[in-house]
Every structure is written in structure tokens, then in C-alpha cells.
Amino acid sequence: MADLMITSPANPRLKSLAALRRRRTREEAGRTLVEGYEELTLALAAGVRPQTLYFCPELMLDRGTQTRLVDQVRADGAETVQVSRTAFEKVAYREGPDGFLAVVPAVVRRCVDLAVSGSALVVLCQGVEKPGNLGAMLRTADAAGAEAVVAADPVTDWGNPNLVRASKGTVFSVPVASDSTQDALAWLDAAGIQLVAATPDTDVDYTEVDYTGPVAVAVGAEKHGLTGEVLDRAAVRVRIPMVGKANSLNVATSAAIVIYEAVRQRRRAISRSYQ
């Protein structure tokens, strides 16, 4: 049985949940929100242990199967709170909620806390503003097997609920860190990781670079791109050819293109080593 049942949208506990949408509240509390069955499942698989799980059986897409997740979270020692449909839809931060909303510890990590291998593939995001773009890059990093994603001079935090949602929960499965640009670059230097900067201001196509060693793919803010500090420190600058009328790609798309070129080269290098 659930520890508590909430039926009123005005319940104070639900108001405290809504407050976690604000960055300052998240940072002060050291907690954030994970909404959605799929996102929560991935977070749990990554070792995240919720403090409280709010659930609504009426909104579950497969009540018979998904209530097992509630049992799992409860068995791990978290508080479980059943919420009426009206109250849950009031507190949910996305349209069409599926009945799962958990309070979990926030992801707080600096570059010095990361441990990467000698052939690491890293993603460096400098000043990226939109949580949706950061979330999309995390999904790409997860799929590509990147060992870390670093937010340099971050505009948003890794606990932003929209970022968690856009990442499909991979913010918990991919090691992430936030740091100043200076400290992020110093960490890359200390780890012996070559910096490849994506920018339109170069004649080097992204396919012309060797990504088989330890490398960090750097992308910048949606409007202004990478700063001179990063561009000057990069071992090489690369561009993605543009033949249409637009002069730029979405930053998450740009990152994915370059990251998967690195994946392609690495897979080919491994294949050749077995021949």
C-alpha cells in the first residue's frame, strides 16, 4: 500500500513539487524531478534512488506492468504517494503525463570528479542555453558510448526537468559535469584529451580529422557558438558543410553529426585491428 493518498491539487506537498521547477529551489534542496515511466526506469537502472515517488494508476499506460515499478521503488526504501488524476495533472510539468513523478538527488559533479579512459570520447557544451538541446545531446552521447558530457559555463543545470525529459533519463546514465570553461579546458589538458571545436569559421570538414584517440567534441551556444577561449585552445576546428540557404544547424544536430563521425572512425579502426 502507498504511504499516503493525495486527492487535492492544492495539497502543500504538490506545491513543493512545483517549486522544484525553479533552479534556485533545486540547488538549495539538492533535488530534482524525474517525470515519466521510461525516464524513471532508466534512472533506476543507472543507480538513482528516489526520495519520493508520486504515482497515479489512472494515468498509467499499462497499469498491470507499471505498478511493479512502484513496488520496486517502495522496496528500495523510498516513500510512495498515490495521487488522484486531477491532482497529478495539476503538478505534472508536461502534457499527457503517464502517472510517474519522482523526487531524486540532483546531479552535481565537476570535471575533477569524472573518470575517463585513455581513449575517451567526450562532449563539451559551452554555454548551451536550451535544456532540450542539452537533453538531445545527452541521448546522442549515451547512444554513441561517450564517456562524459561537460557543460562549460552552463546556462542551465543538469536537474532542469525539461532537460531530464529531453534526455529520456540519460542524464543519469552518462557521466556529466558542470564547470567553468577555464577549468573544463584544464581538465581536458590534464587528461590528454584532444579538443575538436565545431565552428563554421574554418575550411576543415569534420570528416577530415582523426577522432580515434582521446577526443572531446566541442559545440557552443545556439546564438554565438564557441568563445575565442575554446577556439584558441582547440587542436583543430571543424565545420559541417552547408549547401542550403540556412547558415547553421541546430547545436544538438551538429554535435550528433560530429560525434557519429568519431564513432564511425573508431569502429573502423577496431575492425581493421582484427584483420
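Everything here concerns the structure above.
Keep in mind the model is a prediction, meaning the values are calculated, not measured.

Participant: I would appreciate a short explanation of the overall build of the protein chain in the present structure.
Facilitator: Counting its regular elements, the protein chain contains 10 helices and 11 strands. Taking the principal axes of its C-alpha atoms as reference, the protein chain extends roughly 60 × 45 × 40 Å. Out of the 275 residues belonging to the protein chain, those deemed buried represent 48%. Partitioning the contacts of the protein chain with sequence separation of at least 6, the portion at a separation of at least 24 is 82%. Carbon and sulfur atoms form 48% of the exposed surface of the protein chain, whose accessible area is close to 13,200 Å². Of the side-chain charges in the protein chain, 31 are positive and 32 negative, and the distance between the mean point of each set is 4 Å.

Participant: Hey, could you run me through the pairing of strand β3 (residues 52-55) in this one?
Facilitator: A regular strand places its side chains so that they alternate between the two faces of the sheet. Burial along β3 is two-sided: Thr52 and Tyr54 facing one way and Leu53 and Phe55 facing the other are all buried. The pairing of β3 with strand β4 (residues 79-83) spans four bridges and is classified as parallel. If you follow Thr52 over to β4, its bridge partner there is Glu79. In terms of handedness, the path from β3 via helix α4 (residues 63-75) over to β4 forms a crossover that is right-handed. Where β3 and strand β5 (residues 100-105) come together, four bridges link them in antiparallel fashion.

Participant: Explanation requested: helix α1 (residues 12-19) in the structure shown.
Facilitator: Three- or four-residue spacings in an α-helix give side chains the same orientation, since the helix completes a turn every 3.6 residues. For α1, the complete set of buried residues consists of Leu14, Leu17 and Ala19. Here α1 starts with a cap whose side-chain oxygen sits 2.8 Å from the backbone nitrogen of Arg13, and that cap is Asn11.

Participant: It is not clear to me how the pattern of salt bridges should be interpreted in this structure. Could you clarify?
Facilitator: Close approach of charged atoms allows side chains with opposite charge to pair. This model, assessed by the stated rule, comprises 19 salt bridges. Ionic pairing is found between Glu39 and Lys168, a salt bridge with its closest N-O pair at 3.8 Å. With Glu39 in helix α3 (residues 37-45) and Lys168 in the loop between α7 (161-166) and β8 (176-179), the pair connects residues that are 129 residues apart, well separated along the chain. A relative accessible area of 1% means that Glu39 is categorised as buried. Judged by its relative accessible area of 27%, Lys168 is partly exposed. Between Arg110 and Asp183 there is a salt bridge; the shortest N-O distance is 2.8 Å. Of this pair, Arg110 sits in the loop between β5 and β6 (121-126) while Asp183 sits in helix α8 (residues 181-191), placing them 73 residues apart in sequence.

Participant: Please clarify how helix α10 (residues 251-273) should be interpreted in this entry.
Facilitator: Helix length check: α10, at 23 residues, gives a terminal C-alpha distance of 33 Å against a target of 33 Å (1.5 Å per residue), a fit within 8%. What α10 keeps buried is the set Val251, Ala252, Ser254, Ala255, Val258, Ile259, Glu261, Ala262, Val263, Gln265 and Arg266. On its buried face, α10 is in contact with β6, α6 (131-144) and β10 (215-219).

Participant: Looking at this structure, how should I read unusual backbone geometry?
Facilitator: One can expect most non-glycine residues to show negative phi and most peptide bonds to be in trans. One non-glycine residue, Asp153, lies in the positive phi region at around 45°. Checked against the element boundaries, Asp153 lands in the loop between β7 (148-152) and α7. The exposure class assigned to Asp153 is partly exposed, which follows from its relative accessible area of 39%. Its identity is not glycine, yet Lys168 carries a phi of approximately 60°, on the positive side.

The rules behind these values
Sequence positions are assigned chain by chain, starting from 1 and proceeding in written order. Selection of residues for local features in this predicted model requires a pLDDT of at least 70, selection of side-chain atom pairs for listing and counting requires 80 or more, and totals for whole chains, interfaces and linings are taken over all residues. Excluding hydrogens and water, the side-chain values take into account all heavy atoms of the structure. Numbering of helices and strands runs from the N terminus, with a helix taken as a DSSP run of H or I at least four residues long and a strand as a DSSP run of E at least two residues long. Summary of the burial criterion: residues with accessible area below 20% of their type's maximum are buried, those above 50% are exposed, and those between are partly exposed, where the area comes from a 1.4 Å probe applied to protein chains only. Throughout, a residue-residue contact means that at least one pair of heavy atoms, one from each residue, lies within 4.5 Å. To measure how exposed things are, a 1.4 Å probe is used in the Shrake-Rupley method; for residues, cover is taken only from the protein chains shown. For the purpose of charge, His is not counted, nor are the chain termini; Lys and Arg are scored as positive and Asp and Glu as negative. Where a charge lies is defined by one atom per residue type, namely NZ (Lys), CZ (Arg), CG (Asp) and CD (Glu). The criterion for strand pairing is that DSSP finds at least two bridges linking the strands in question. Crossovers are described as right-handed under a simple rule: with the strands pointing away from the observer, the path leading from the first strand over the helix to the second runs clockwise. Here a polar contact is recorded for every N or O atom pair within 3.5 Å, except that within protein the pair must consist of a potential hydrogen donor and a potential acceptor, and residues adjacent in sequence are included only if both atoms are side-chain atoms. The term salt bridge refers to a side-chain nitrogen of Lys or Arg lying within 4 Å of a carboxyl oxygen of Asp or Glu. Expected span of a helix, by definition, is 1.5 Å for each gap between consecutive residues, and there is one gap fewer than residues.

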